[in-house]
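Each chain is listed here by its residues.
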Amino acid sequence: MTAQLLVEKKKLENPPLKIHYLGDRVLRQPAKRIAKVDQSIRQLAQQMLQTMYSADGIGLAAPQVGIHKQIIVIDCEPDNPDNKPLVLINPTIKHFGSKLCDAQEGCLSIPNVYLDVMRPEEVEVVYKDENGRPQSLKANGLLARAIQHEMDHLNGVMFVDRVENGLALTQELNKHGFSPQAVKPLA
């Protein structure tokens with residue numbers, strides 16, 4: 001029997017989980033692998049999707065809601081009811097494409113801040129789905145970017161840590177009330 005995660009793609013007045021914001025230590029702690037995919041993990045994925053849709057996002061990682069488990073949810077087409085969201089449990093990138101692409105990113109943990117980030121244009125990721133079955137996915141474009149962005153959260157990395165334009169970064173963060181000191185630039 002396959003358990004389909006049925007989540008209505010709509011905003012909830014009171015989403016089930018609370019999103020943490022840049023500066024919160026919880027966002028910097030690495031997530032732990034999930035030993036067993038059971039009903040509690042499926043329920044967590046469902047709540048994460050409801051929270052993500054409520055915040056107008058296309059991706060959410062468990063650390064963003066204060067849960068240190070390796071699970072991310074992604075839906076690059078939140079307005080398309082036929083597009084099934086992705087649930088990636090214990091994801092690992094097996095291959096990065098050689099071509100890099102610079103594009104704007106945002107994050108539910110840093111609302112209204114959008115900055116350019118350089119990332120590989122393609123990735124191949126292996127993971128377990130919400131039923132615990134091993135899966136492999138080749139992604140490019142927005143989906144590849146979303147996977148990399150959300151997987152960074154599992155390692156305590158935020159997209160602002162990858163921004164190369166320090167002046168734009170500082171200006172954007174200050175403009176929206178975030179401390180540039182909360183950024184941990186990647187070497």
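Structure: above.
Fair warning: this is a prediction, and the values are worked out from it, not measured in the lab.

Participant: Please give an account of the overall build of the chain that cites residues and values.
Facilitator: Within the chain, the secondary structure is distributed over three helices and seven strands. Order of helices (α) and strands (β) in the chain, N terminus to C terminus: α-β-β-β-β-β-β-β-α-α. A globule of 187 residues ought to have a C-alpha radius of gyration of about 16 Å, and the chain, at 16 Å, matches this closely. Over its C-alpha atoms, taken along the principal directions, the chain stretches across nearly 55 × 40 × 30 Å.

Participant: Tell me about the nonpolar core, and name the residues and values.
Facilitator: Ranked by internal contacts, the top residues of the largest apolar core, which has 20 residues, are M48, M52, L60, I71, V73 and I89. Taken together, the elements giving at least two residues each to this core come down to α1 (39–54), β2 (71–74) and β3 (86–96). Top element by residues in this core is α1. It accounts for seven residues. The contact partners of L60, leaving out residues within four places of it in the chain, are I19, M48, T51, M52, V65, I71, I72, V73, L108 and E150. Listed in part, the 17 residues of the second largest apolar core include I110, V117, V160 and L169.

Participant: Could you give me a rundown of the environment of I72, with the residues and numbers involved?
Facilitator: Topologically, I72 is positioned in strand β2. The exposure class assigned to I72 is buried, which follows from its relative accessible area of 0%. Dropping the residues within four chain positions of it, I72 is found in contact with M48, L60, A61, L86, V87, L88, P91, I147, E150, M151 and L154.

Participant: I'd like a rundown of the environment of P85, residues and numbers included.
Facilitator: Tracing the backbone through its elements, the reader meets P85 in the loop between β2 and β3. Note on P85: relative accessible area 14%, which makes it buried. Separated by 43 residues in sequence, P85 and K128 have C-alpha atoms that sit 14 Å apart. Setting aside its immediate chain neighbours within four residues, P85 contacts L49, Y53, I74 and D75.

Participant: Now, about unusual backbone geometry: what can you tell me, with residues and values included?
Facilitator: For D56, which is not glycine, the phi torsion reads 60° and is therefore positive. Mapping D56 onto the fold places it in the loop between α1 and β1 (59–61). For D56, a relative accessible area of 57% gives the class exposed.

Analysis parameters
- Residues numbered from 1 in each chain as written.
- Predicted model: local features only at pLDDT ≥ 70, side-chain atom pairs only at ≥ 80, totals over all residues.
- Heavy atoms only, no water.
- Helix = DSSP H or I, 4+ residues; strand = E, 2+ residues; numbered from the N terminus.
- Rg over C-alpha atoms; globule rule 2.2 N^0.38 Å.
- Core = buried A, V, L, I, M, F, W, Y, C linked by side-chain atoms within 4.5 Å.
- Buried < 20%, exposed > 50% of the residue type's maximum accessible area, 1.4 Å probe, protein only.
- Contact = heavy atoms within 4.5 Å.

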